[in-house]
Amino acid sequence: MVFMTDYKQITTFNNKYKTLNLIMQNTVKINQDLVYVGVSDRRTALFENVYQIPNGVSYNSYLLLDEKTALLDTADITVSEQFFENVEAALSGRALDYLIVNHMEPDHGALIAPLLLRYPQATIVCTAKAAQMIEQFFGQKPANLQAVKEGDTLTLGRHQLTFTMAPMVHWPEVMMTYDSTDKILFSADAFGTFGALSGNIYADEVNFENEWLAEARRYYINIVGKYGVQVQNVLKKAAALDIQMICPLHGPVWRENLGWFIGKHDVWSRYEPEDKGVVIIYGSIYGHTESAALRLATLLAQRGVKGIKAYDASRTPVSELVSECFRVSHIVLASSTYNNGIFTPMENLLADLKAHDWKRRTIGIIENGTWAATSGKLMRAELEQMKEHTILAETVTLKSAAKAEQEEQLATLAEEIAKTL
Ligand code: FEO
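Note on numbering: residues in each chain are counted from 1, in written sequence order. Under the rules for a predicted model, residues below a pLDDT of 70 receive no local features and side-chain atom pairs below 80 are neither given nor counted, while totals for whole chains, interfaces and linings still include all residues. Side-chain numbers come from the whole structure's heavy atoms, not from hydrogens or water.

This brings us to empty space enclosed by the protein. In the cavity and pocket records, a cavity denotes points on a 1 Å grid over the protein atoms alone where a 1.4 Å probe fits but cannot get out, a pocket denotes an open set with protein on both sides within 12 Å along at least 5 of 7 lines, and lining residues are residues with an atom within 4 Å of a point. Grid points are joined across faces, edges and corners, and a volume is the space filled by probe spheres set on the points. Evaluated as defined, the whole model comprises two cavities of 30 Å³ or more. As a volume, the largest cavity reaches approximately 70 Å³. For the largest cavity, the full set of lining residues is Val169, Asp189, Ala190, Phe191, Tyr219, Tyr220, Val224, Val231, Val234, Leu235 and His265. Empty space within the second largest cavity amounts to approximately 50 Å³.

Before going further, it helps to spend a moment on the packing of aromatic side chains. A pair of Phe, Tyr and Trp rings is counted when the ring centres sit within 6.5 Å of each other, with Trp represented by its six-membered ring. The angle between the planes then sorts it: under 30 degrees is stacked, over 60 is edge-to-face, the rest tilted. Taken as a whole, this structure holds 18 aromatic pairs when the rule is applied. Between Phe208 and Trp212 the ring centres are 6.1 Å apart and the planes differ by 10°, which places this aromatic pair in the stacked class. Of this pair, Phe208 and Trp212 both sit in helix 6 (residues 208-224), four residues apart, roughly one helical turn. When the centroid spacing of 5.1 Å and the interplanar angle of 75° are considered together, the rings of Phe208 and Phe261 count as edge-to-face. You can see Phe208 sitting in helix 6 and its partner Phe261 sitting in helix 8 (residues 258-269), a full 53 residues away along the chain. When accessible area is computed with a 1.4 Å probe and restricted to protein chains, residues below 20% of their type maximum are described as buried, those above 50% as exposed, and intermediate ones as partly exposed. According to the relative accessible area criterion, Phe208 is buried, its value standing at 5%. Look at Phe261 and you get buried, because its relative accessible area is 1%. Taken together, Phe191, Phe208, Trp212, Trp254, Trp260 and Phe261 form an aromatic cluster joined through their ring pairs. Above the plane of the ring of Phe84 lies Arg118, whose end atom (NZ or CZ) is 3.8 Å from the centre. Think of it this way: any DSSP run of H or I at least four residues long counts as a helix, any run of E at least two long counts as a strand, and we number them from the N terminus. Consider the ring centre and the ring normal. A charge sits over the ring if Lys NZ or Arg CZ is within 6 Å of that centre and within 35 degrees of that normal.

Relative to the 21 Å expected for 15 residues at 1.5 Å per residue, helix 9 (residues 288-302) spans 21 Å between its end C-alpha atoms, a close match to the ideal helical length. All of the buried residues along helix 9 are Thr289, Ala292, Ala293, Leu296, Ala297, Leu299 and Leu300. End-on view of helix 9: buried residues confined to an arc of 165°, all on one side of the axis. Turning to helix 9, the residues buried within the fold contact strand 17 (275-283), strand 19 (328-338), strand 21 (362-369), strand 23 (396-399) and helix 13 (404-420). One or two positions beyond helix 9, positive phi appears at Gly304, with a value near 90°. Given the number of residues in a helix, its expected span is that number minus one, multiplied by 1.5 Å. Here the arc refers to the directions that run from the helix axis out to each C-beta atom. Any two residues whose heavy atoms approach within 4.5 Å are treated as being in contact.

The analysis is restricted to geometry; functional conclusions fall outside its scope.
In structure tokens:
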């Protein structure tokens, strides 16, 4: 892809298109100078071609209109038509002076080259690493590029922007942009969530805790969860700023109750459980392991444990299971033995948990096998490679199906979990 050569053609197309007099723009004025020009997507089934997004996702982008104009990030290629409509409408005939690239992942960076075809005079402002990625993705260096580092500033007129580096939140080139005039943090992927926006672009306009938090957690844990140390670094930097509004690249904008949402990220990035509670995940081929896992749930409930959640690993997206394993303090993993190994969905879950540096939980194990029950030993070995887990000593072992002695073992496991909650 090239940046400039088709500019004339694009301009001609745009001008013809404008004569159709279509009103497709869907922008939101955030304040006198800032316009939301992002787009929501309910068509994509898999974010990053791997994570189910039943509620869709938004690709947020913001346009600052000052003496100079600055667009903060572009959007995913799938929403390009609406995105360019929005940018053009928000600019309202003005030139685009700057494109600030906080993050180069293609869900935000895919439209950089197409944007420069439309606004070739714009200067890209980004980190040196992002500049290198622009060349990698588009095969050409943009004509106007200003590389910035920690603490560098850009004055647009009334607004002064300060750039702060946020490596590995979620890629190495990431930076955040702080508008010290209006005290707004453009936080890149941080403080984002899965979920398309429906007119209400602010978190205080939706029932975030009941309707969005689970997806925010699933987004954070799966996308950024591995980089807790780096998120902690960013939280420390953010604590030194006076932030009145957070504008992330996904999900609602935060202008109220910021401390509550920042607090969630603090807990998640310290790998501490958010809830004292029990999640039971089972990998069951013909239902016998499932039966034992659900019996354990009942035995826990009889001991006063509330809010127990049980999941079939074969039927639940692994990203949801990973998110739930991060949420609670106690997890029971129950798996059939399969080809002398761990049943595949459970094996996949353990690999994913290890990849996300999951740690500091109390874990019980149930295994099953008809030829030979080896899944417990194998799961334990996987868990021991992770950090700081407390793995309960006794594995409950089923030979094909639970018998009276397993009821006793399950009761003992329930007792042990209940007393450590
Ligand atoms: Fe939303 Fe890491 O991109």
